[in-house]
Amino acid sequence: MADNVTSLFRSTAAHSPSMAALTREGGDGAGPVDFCIPCNPYFPTPEMFQDMGARLRDIITYYPSSADTITAELCSLLQLPPQCVAMGNGSTELITWIDHLMVRESLAIPVPTFGRWTDQPMETGKRVDMFPLQESSGFALDLAQYAEFIRARGTRVAVICNPNNPDGGYLHKHALVQFMDAMADLDLVIVDESFLEFADAEQEPSVVQEAMIRPNVIVLRSLGKNFGLHGIRFGYLVANPALAGRVRSMLPKWNLNAFAEHVVFMLKNHGAEYAQSLHQVRRDRLDMASHLAQLPGLTVYPSQGNFLFVRLPVGAEGTVVRDRLLTEHRILVRECGNKIGSSSRFLRLVVRPQVDVRRLVSGLEQVLYGSRRGAAVPELGTGTNYSSGTAAVDRLVSSTNGAGMPGLAAQAMAAPMPAAPQPQGGGMPMPAPVPVAPAAAAPTPAPMPAPMPAPMPAPAPVAPAPMQFPSPVAPAAAAAPAMPGPTPPGVPARGGLTAAQVRGTTGPGLTPAPATGWPNSQSWPNAAGMGQVG
């Protein structure tokens, strides 16, 4: 595997090779320890896997029931009205249909985030307005600033991932409801709750009930991540009956496979085990964050997902760290250099049991600080800084500034490049000028930081105060003289950033972020935010 690891990442159509490909490459029939794919490691239970194994012949031999039958069973479990739900072959299928059916011209999304929210609309020619989450603020999303950005850009569809992927940032329910109401004039507001099952910042975090009574809100939910079964490919959306029915009417009749049906019908007998699995992931998240925070120079950001977003020490190149962890320690991690708004200094690490975390920490210590291969990490910019999985989208972004329409490079080259304007009043500010730091000007990296960060405290989560959102009327009128048509490359988008600036946005003076608190786990099926059931 050592000789082929780079080619494996370059040849895949995703951000990382599949576990099947890595297992084949390993030659011994065993894959690496997976800190890459955000999956629940405690569910299904061994007994559930035994049951599926015993029924394997029938499951793969016969057609499944219709999607309506499987959806009705899921809705009975989650106490959701079936007319407000559409089930898909994974959340990606639903994102694709939402884009084709409901995104007319433009979509706003904070970055970094799940790649299909930026890639899918650009692939169909839509303008994607990317709102950079600032590293200097721990990648926290300010909903008021995001709303001002949407008004300034005249965006018609707004997306929020809660918790966000890859950083795990969380927004309280009442703040999201305020945002949804403030954006009631948009074509669509999408709240992606794919990782909300793992959050414990408040008792009832989901906005699915609010989505069902609003005309323009869709909530997206995942099942594969929560149930530890990515390979089955199933997820669902919740909206008012008209929106849900519009998506449901376009889905193939047998878009859900027999494995998905079998699991959905098993769940009613395993609610207690599922609730316990979520509780254990939350406990492991706190323990894992504490261990990682003790590595010198490593920054761990607070997360409400089943993963942690970490910044590598100065001088560490993420692709080199990733490749060495895989070849030398059989550990697979998610290097985030190909996520818009991130860089190769960041890794997303999935929460796993303590025995695996100890192996990860040991591997990171050897790769980052060991002397077995001389320098612990390469000099800045000397790693294999390629961007697997979204190369076509990367080229599209760099040539169109996220407009989703090629052929604009010549327009920008024919005119002098304007300076980036500073937005007046609200909206997304340009990054403030930062004094030249040694790491930015000198050809050699700064020395590895020596002090050992203290273990992170665990404060109780505090709900944010109500915030003021811009009016849906006045900003729209003020945006009349805005730049017409797609933004040429290198030109800031009405107070925003160019695509290149979005990719490189960072901030100085970061300190290790505190961990979140850990309320008690909730019982089944409150994972859908629909209340407690005995």
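Just so it is clear, the model here is predicted, and its values are computed rather than measured.

The rules behind the values
Residues numbered from 1 in each chain as written. Predicted model: local features only at pLDDT ≥ 70, side-chain atom pairs only at ≥ 80, totals over all residues. Heavy atoms only, no water. Helix = DSSP H or I, 4+ residues; strand = E, 2+ residues; numbered from the N terminus. Buried < 20%, exposed > 50% of the residue type's maximum accessible area, 1.4 Å probe, protein only. Contact = heavy atoms within 4.5 Å. Areas by Shrake-Rupley, 256 points an atom, 1.4 Å probe, with all protein chains shown as cover. Axes fitted to C-alpha atoms, helices over the stretch in contact; angles between N-to-C directions. Left-handed = near helix turned anticlockwise from the far one by under 90°. Nonpolar A, V, L, I, M, F, W, Y, C, P; charged D, E, K, R; others polar. Parallel < 35°, antiparallel > 145°, perpendicular 65-115°, else oblique. Pairing = 2+ DSSP bridges. Right-handed = clockwise from strand over helix to strand, strands pointing away.

Sorry, what's going on with the overall build of the protein here?
Helices and strands together make up the secondary structure of the protein, namely 21 helices and 12 strands. Burial statistics for the protein: of 534 residues in total, 54% are counted as buried. Long-range contacts, defined as pairs at least 24 residues apart, comprise 78% of the intrachain contacts of the protein with a sequence gap of at least 6. Roughly 21600 Å² of accessible area belongs to the protein as shown, and the carbon and sulfur atoms make up 58% of that amount.

Could you clarify how one ought to interpret the packing of helix H15 (residues 318-329) against helix H16 (residues 354-369) in this entry?
Helix packing for two helices is described by the angle between their axes and how far apart those axes are. The interhelical angle for the contact between H15 and H16, taken along N-to-C directions, is 115°, at an axis separation of 10 Å. The two elements H15 and H16 cross, and the hand of that crossing is right-handed. Residues Val 321, Arg 324, Leu 325, Glu 328 and His 329 of H15 lie in contact with H16, whose contacting residues are Arg 359, Gly 363, Leu 364, Gln 366, Val 367 and Leu 368. A breakdown of the residues in the contact of H15 with H16 according to their chemical character gives five nonpolar, three polar and three charged.

Hey, could you run me through the packing of helix H8 (residues 143-153) against helix H9 (residues 173-182) in this one?
H9 packs onto H8 with a crossing angle of 15° between their chain directions and a minimal axis gap of 11 Å. On the basis of their axis angle, the class for H8 and H9 is roughly parallel. Seen from above, H8 lies across H9 with right-handed handedness. Counting all contacts with H8, which are made through Leu 143, Tyr 146, Ala 147, Ile 150 and Arg 151, the residues of H9 involved are Ala 175, Leu 176, Phe 179 and Ala 182.

Hey, could you run me through the pairing of strand E3 (residues 106-111) in this one?
The buried fraction of E3 is high, at six of six residues. What you see with E3 is no split at all: Ser 106, Ala 108 and Pro 110 on one side and Leu 107, Ile 109 and Val 111 on the other are buried throughout. The pairing of E3 with strand E4 (residues 127-132) spans six bridges and is parallel. Bridge pairing in E4 places Ser 106 opposite Arg 127. One crossover worth recording links E3 to the parallel E4 by way of helix H7 (residues 116-123), and it is right-handed. Both E3 and strand E5 (residues 157-161) contribute to a ladder of two bridges, which runs parallel. Bridge assignment links Leu 107 to a residue of E5, and that residue is Val 157.

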